Amino acid sequence: MPNLAGEASLAWANGTLAAASNVGQLAGPAVGGVLYAAVGAGPAFAANAVSFAISATLIALVRGQFRGPHPAANDSGAPSRSIWAGARFLWHNTTLMVLTVIGAVTFMATEIAAVADLPLIHHFGVGGVGYGIMNVAWGAGGLTGALIAARIVTKDSETTAAVAGVLVFGVFVAAVGAAPWFALVPVFSLLLAGSDSFAMVGFNGIYQRATPDAIRGRMFAAVGAITTFASAVSFGFGGFLVEAAGWRPVYLGGGLIDVACAAALAVILRRRTSRPARPGYLRKIGLRERPSTAQ
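Residues numbered from 1 in each chain as written. Predicted model: local features only at pLDDT ≥ 70, side-chain atom pairs only at ≥ 80, totals over all residues. Heavy atoms only, no water.

J.: Which residues make up helix H9 (residues 127-152), and what are the values?
T.: Compared with an ideal rise of 1.5 Å per residue, which puts 26 residues at 38 Å, H9 spans 38 Å between its outermost C-alpha atoms and is within 8% of the ideal. Contacts made by the buried residues of H9 are with helix H2 (10-39), helix H8 (117-124), helix H11 (184-210) and helix H13 (247-271). (Helix = DSSP H or I, 4+ residues; strand = E, 2+ residues; numbered from the N terminus. Expected span 1.5 Å × (residues − 1). Contact = heavy atoms within 4.5 Å.)

Okay, here's the thing in C-alpha cells:
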C-alpha cells in the first residue's frame, strides 16, 4: 500500500480500504440473508465462494508498483526472505512490538465482549432482530468512521488516531455494559465501530511507515498471527467468563481494559515516535537500508 498510494496519500488509502471492508460487513449479512431465505444455504455458500473468485480477479488486475524502486537495496539476502523475518523485525522493534501486544490485548477484550452479545439480547428480549440491528449499527459506524478517517487523518496525526480510536472504543464498549435500555446499545455500537476504524487507520499507518519494504508483508503476517491467536484464546474462555460473571461486567471490564491500553499506547508513542529501523539494527535481521542519494 505505501508503494501504490505513496507517502502523502497513505492515510487516505488505509481509510478507503477500511471503508470498503465495512461496506462488505454491512451489506454481506443482508445479501446472505436474502439468498438463504430465497434459495437455501448451499447456493448462499456458493455465492460466497464466487465473491472470493471475483475479488482475486480484481486484485490480479491492479496495476502499480507493489515493491520499492530499489528492492535489492532493502534486502540483503536469505535472512530477510525467511518466513520468520517479520516476527524477528517485530521482536527487535520495541515500538511496533508493544503496539502489537496492545492490539492483541484489545482484540481479546473485544472478542470476549462479543461472546456476551447472546445473553445481552436475551436480557433485553430483542431476539434475532435486535442482534441484527446491533450488527447493522456496527457496520454503519465502521463505514462512517473509515470515510471520515480517510479525509482527516494524516501522517502527523496517525498516532493521535490510534490512541483516540482505542480510547473512545473502550469508552463505548463499557457504555454498552452500563446501558439501561436496548435502544442505546445500537447507538453505542455505531460509535465504537467508528472509533475502531480511526484506530485501524492509525495503527496501519504506523506499521507501514516504520517497516522496510522488503519484509512489510511478513511483518503484517506476524501481527495477524499474534492478534488471531489472541482472538482464539479469548473465544476459548470467553463463554466461561460470561457464564460466571454475566454480560454486563464483561462489557464493562473489556471497555476499561481498552481504555487502559489507550493510556499505555499514548505514553509509549509519546516517548518514542515510530520510525524506520536504524541501519545497525536492520543488519541484525538480514536487512539494510537503501542508501540515500547523498551517499
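J.: Residue-level account of the packing of aromatic side chains, with values.
T.: Within the structure shown, the criterion is met by six aromatic pairs. Between Phe172 and Phe188, the aromatic rings sit 5.9 Å apart at their centres with planes inclined by 35 degrees, giving tilted as the arrangement. In this pair, Phe172 sits in helix H10 (residues 158-178) while Phe188 sits in helix H11, placing the two residues 16 residues apart along the sequence. Here Phe172 and Phe188 have matching classes, each one buried. Ring pairs connect the aromatic residues Phe124, Phe182, Trp247 and Tyr251, which therefore count as one cluster. (Phe/Tyr/Trp six-rings, centres within 6.5 Å; stacked < 30°, edge-to-face > 60°. Buried < 20%, exposed > 50% of the residue type's maximum accessible area, 1.4 Å probe, protein only.)

J.: Which residues make up the environment of Val233, and what values do they have?
T.: Inspection of the secondary structure assignment puts Val233 in helix H12 (residues 216-245). Between the C-alpha atoms of Val233 and Ile112, which are 121 residues apart in sequence, the distance is 9.3 Å.

J.: Can you break down the pattern of salt bridges residue by residue, with the values?
T.: In the structure shown here, the tally under the stated rule is three salt bridges. Measuring nitrogen to oxygen at the nearest pair gives 2.8 Å for the salt bridge that ties Glu7 to Arg209. Here Glu7, found in the loop between helix H1 (2-5) and H2, pairs with Arg209, found in helix H11; they are 202 residues apart in sequence, far enough to count as distant. Measuring nitrogen to oxygen at the nearest pair gives 2.9 Å for the salt bridge that ties Glu158 to Arg209. Remark: Arg209 occurs in helix H11 and Glu158 occurs in helix H10; sequence separation between them is 51 residues. Since its relative accessible area comes to 2%, Glu158 is described here as buried. Relative accessible area serves as the criterion here: at 15%, Arg209 is assigned to the buried category. Residues joined by salt bridges that share partners form a network here, namely Glu7, Glu158 and Arg209. (Salt bridge = Lys/Arg side-chain N within 4 Å of Asp/Glu carboxyl O.)

Treat this as a map of the structure, not an account of what it does.
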